[in-house]
Amino acid sequence: MIDSIETEHELAVIRARAQGLQAACPSCGVLSSRVHSRYVRRLADSPVGGRRVVIELRVRRFRCREHGCSRATFAEQIDGLTFRYGRRSSGLQSVLRQIALMLAGRAGARLVETLASVVSRSTLLRLVRALPDPKPATPRVLGVDEFAPRKGHVYGTILVDIETRQPVDLLPGRSVRAVAQWLTDHPGVEVICRDRSVAYAEAGRLGAPDAIHVAGRWHIWKNLAEAVEKTVIQHRALLREPPEEAPARSSAPSGIAELAPSASSTGPRQAGRLSDRIRRQHAAVQDLLAQGTALRGIARELGLARNTVRRLAHASSPDELLVGQWTGRTSILDPHKPYLHQRWNEGCTNAAQLFAELRERGYQGGSTIVRQYIRAVREAFPHDDVPRKPPSVRDVASWITRHPDSLDTDQTEQLKVILARCPALDRTAEHVRAFPGLMNNRNGRQLHLWVAKVQADDLPALHTFTAGLTQDLDAVVAGLTMRYSSGPVEGHNNKIKMLKRQMFGRANFDLLR
């Protein structure tokens, strides 16, 4: 019964009291009407209108009438509102459980805060841990795989219903006994989708002897790719192109020293803004000189620098200024150019290294002249292209096991050259191209023909792969024939990795489960 409701800015307080005349003892179930005492419980309830709601409920404590009961007194509970030791209403408790299941601790706490309520992430995780374990029905098609709470140290087993794609259970460890015991306790499994693990195969035979085993197609292809990579490793010496005799490098001609532009080769500019301006300025300066004007006065009258006026005055024609005087010039680098030509022909094209060697030989100039000269030599006499790095073992194995349409032109050409150079890899690629037809078209009954063709070739790594297929032949044929696969299990395995990252150091097995 509600006595009063008080509202503040962000809080609503509801005062109420219980009305029942009697209550049942939680231990013996005997009804009692003997009141021992009364007290007030404060319960947080679901927010209303953006306000937090607190219920101040006045309840009674009764005496138990049963003499043999272990309880002397007990507090009454209101159905749908209270529960033992609870500081929240049943409705709010149910909402927090669902938020914790969907968002976990930290994200759930942030969402609850936006809903005008306050709860810590640890409280939400405790609510998840307190939930009873669900009891799903035994699946007809079961997927089994391992996962790692701590990779390399601790492993577990995940069980998935392949038909509904829902997780069924998590088992600590990956032992034969644990999986076989679960299968024994849950009869009715008709198909088991698993990897090529011997442990899970044995567990299936012990716990569900009548079940059909289906080897995962992804695992079969993965084993084939590993066998291809071993084959490529055996012939990795043939991945590199055979060395060709390099043609004799011709020595740099004497004209290499004349790479700088010369006056005779370029000629004067006859048009353009620069040419027209210099010709006008030259004519004006010559006219003023003819009138007897001094250079300082010419510079003041024309608004030019005195050095510019001096060059215009000393030039007999504007063509000298437009062409430049290259003929007869010498450079501090000239005595060292034969050495540079020699080192260039020896294969040294690094300007910094050549500059250091010239300094040891007495060169007194700067590095800029050397860099500019080497740049000019490189443009005039380019070096041979750097040989392309040969493909790695992983690259070649990937090209062989991928669909040809997924390779670009360069990869296709390189693979073609390598297969032509290595007959063993060529035969391996031929067998690999035939295998997807068995998987995609579900022609598992023809597996023995493919195995026979592989055994006829001298390919040790593929022989080991086919020997493994033969040991688990029924499961492999079922995996290449039936529509079931362990794909949903791999998806949940990936989901577990995401949950581990979200949970950080709190990824205990019970919470993960």
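Residues numbered from 1 in each chain as written. Predicted model: local features only at pLDDT ≥ 70, side-chain atom pairs only at ≥ 80, totals over all residues. Heavy atoms only, no water.

Overall, the coordinates contain 17 salt bridges when judged by the stated rule. Close ionic contact of R194 with D472 constitutes a salt bridge, the shortest N to O distance being 3.1 Å. Taken together, the positions of R194 in strand β11 (residues 191-194) and D472 in the loop between α18 (460-471) and α19 (473-481) put the pair 278 residues apart, joining distant regions of the chain. Owing to a relative accessible area of 13%, D472 belongs among the buried residues under this scheme. Among the ionic pairs, R343 bridges to E357, the shortest N-O distance being 2.9 Å. Of the two residues, R343 is situated in helix α11 (residues 337-345) and E357 in helix α12 (residues 351-360); the sequence distance between them amounts to 14 residues. Taking relative accessible area as the criterion, E357 reaches 15% and is therefore assigned buried. Salt bridges sharing common partners tie together E6, R15, R42 and E56. (Salt bridge = Lys/Arg side-chain N within 4 Å of Asp/Glu carboxyl O. Helix = DSSP H or I, 4+ residues; strand = E, 2+ residues; numbered from the N terminus. Buried < 20%, exposed > 50% of the residue type's maximum accessible area, 1.4 Å probe, protein only.)

Secondary-structure assignment places R34 in the loop between β4 (31-32) and β5 (35-48). R34 gets classed as partly exposed once you look at its relative accessible area, which sits at 48%. Through-space distance from the C-alpha of R34 to that of T73 is 9.6 Å; in sequence the pair is 39 residues apart. Filtering out sequence-adjacent residues up to four positions away, R34 remains in contact with R61, F62, R63 and R65. (Contact = heavy atoms within 4.5 Å.)

A few words now on the packing of aromatic side chains. The final tally for this structure, using the stated rule, is six aromatic pairs. Taking 6.2 Å as the distance between ring centres and 90° as the angle between the ring planes, the aromatic pair formed by F355 and Y363 counts as edge-to-face. Classification of F355 by relative accessible area gives buried; the value is 18%. Site record: aromatic cluster; members linked through ring pairs are W221, F435, W450 and F465. The ring of Y155 has R174 lying over it, and the distance from NZ or CZ to the ring centre is 3.8 Å. Above the face of the Y339 ring, R361 is positioned so that its terminal group lies 4.0 Å from the ring centre. (Phe/Tyr/Trp six-rings, centres within 6.5 Å; stacked < 30°, edge-to-face > 60°. Lys NZ or Arg CZ within 6 Å of the ring centre and 35° of its normal.)

Among the residues making up α12, those that are buried are A351, L354, F355, E357 and L358. One face of α12 carries all of its buried residues, which in axial projection span an arc of 165°. Exposed residues on α12 whose side chains face more than 90 degrees from its buried face are A352 and E360. Buried residues in α12 make contact with α11 and α13 (367-380). Near the N-terminus of α12, the side chain that reaches the backbone nitrogen of A352, with its oxygen 3.0 Å away, is that of N350. Positive phi appears at G362, one or two residues downstream of α12, with a value of about 100°. (Arc of directions from axis to C-beta. Polar contact = N/O pair within 3.5 Å; in protein donor to acceptor, adjacent residues only side chain to side chain.)

Let's shift gears to the nonpolar core. I220, V232, I400, F435, L447 and W450 are the most contacted members of the largest nonpolar core, which has 36 residues in total. For this core, the elements supplying multiple residues, two or more each, are α5 (217-234), α14 (393-401), α15 (409-421), α16 (423-440), α17 (447-455), α18 and α19. Looking at this core, the element that brings in the most residues is α16, giving seven residues. Setting aside its immediate chain neighbours within four residues, F435 contacts I220, W221, L224, L447, W450 and L480. The next biggest cluster of nonpolar side chains, apart from the first, holds 15 residues, and it includes V179, A203, A208 and A211. (Core = buried A, V, L, I, M, F, W, Y, C linked by side-chain atoms within 4.5 Å.)

This part takes up the pairing of strand β10 (residues 166-172). Judged from the six bridges that link them, strand β9 (residues 154-161) and β10 form a sheet pairing that is antiparallel. The residue bridging L159 from the neighbouring strand is D169, located in β10. The hairpin turn running from β9 into β10, its antiparallel successor, is four residues long, and R165 in that turn takes a positive phi close to 60°. (Pairing = 2+ DSSP bridges.)

Overall, mixed pairing links the five strands, which are arranged β10-β9-β8-β11-β12 in an open sheet. Looking at which strands have only one partner, the edges of the open sheet turn out to be β10 and β12 (212-215). Strand after strand, the sheet turns through a mean of 30° between neighbouring axes, direction not considered. Summarising the sheet, strand β8 (residues 141-150) and β11 pair through three bridges and their orientation is parallel. Its bridge partner lying in β11, G143 is registered against C193. With respect to the sheet, helix α4 (residues 198-207) is in contact with β8, β9, β11 and β12, its orientation differing from that of β12 by roughly 165°. (Axes fitted to C-alpha atoms, helices over the stretch in contact; angles between N-to-C directions.)

Position of P139 relative to the elements: it lies in the loop between α2 (121-130) and β8. Contact partners of P139, with chain neighbours within four places excluded, come to D161, V168, W182, G188 and V189.

Buried within α17 we find L447, W450, V451 and V454. Angular distribution of buried residues about the axis of α17 spans 100°; they occupy a single face of the element. Seen from the open side of α17, the exposed residues pointing more than 90 degrees away from its buried face are H448 and K453. Where α17 is buried, its residues touch α5, α16, α18 and α19.

Next up on the list: the confidence of the model for the chain. For the chain, per-residue confidence averages 84 on the pLDDT scale, and residues scoring 70 or more make up 90% of the total. Confidence over residues 257-266 falls short of pLDDT 50; this stretch has 13 contacts with residues more than four positions distant or in other chains. In the predicted structure, residues 324-328 sits below a pLDDT of 50 and forms seven contacts with residues beyond four places in sequence or in another chain. (pLDDT = per-residue confidence, 0-100.)

What follows deals with the layout of surface pockets. Of the pockets and cavities examined, the largest pocket occupies roughly 1,500 Å³. Elements represented by at least two residues in the lining of the largest pocket include exactly α1 (90-114), α2, β10, α20 (487-503) and α21 (509-512). The dominant element in the lining of the largest pocket, judged by the number of residues it contributes, is α1, at nine residues. (1 Å grid on protein atoms, 1.4 Å probe; cavity = no way out; pocket = protein on both sides within 12 Å on 5 of 7 lines; lining within 4 Å. Points joined across faces, edges and corners; volume = space filled by probe spheres on them.)

Take the pairing of strand β1 (residues 2-7) next. The side chains of a regular strand alternate between the sheet's two faces. Along β1, only zero of the six residues are buried, which leaves the element largely exposed. In terms of strand pairing, β1 meets strand β2 (residues 11-17) through five bridges, oriented antiparallel. The residue of β2 that forms the bridge with I2 is A16. Count of turn residues in the β1/β2 antiparallel hairpin: three residues.

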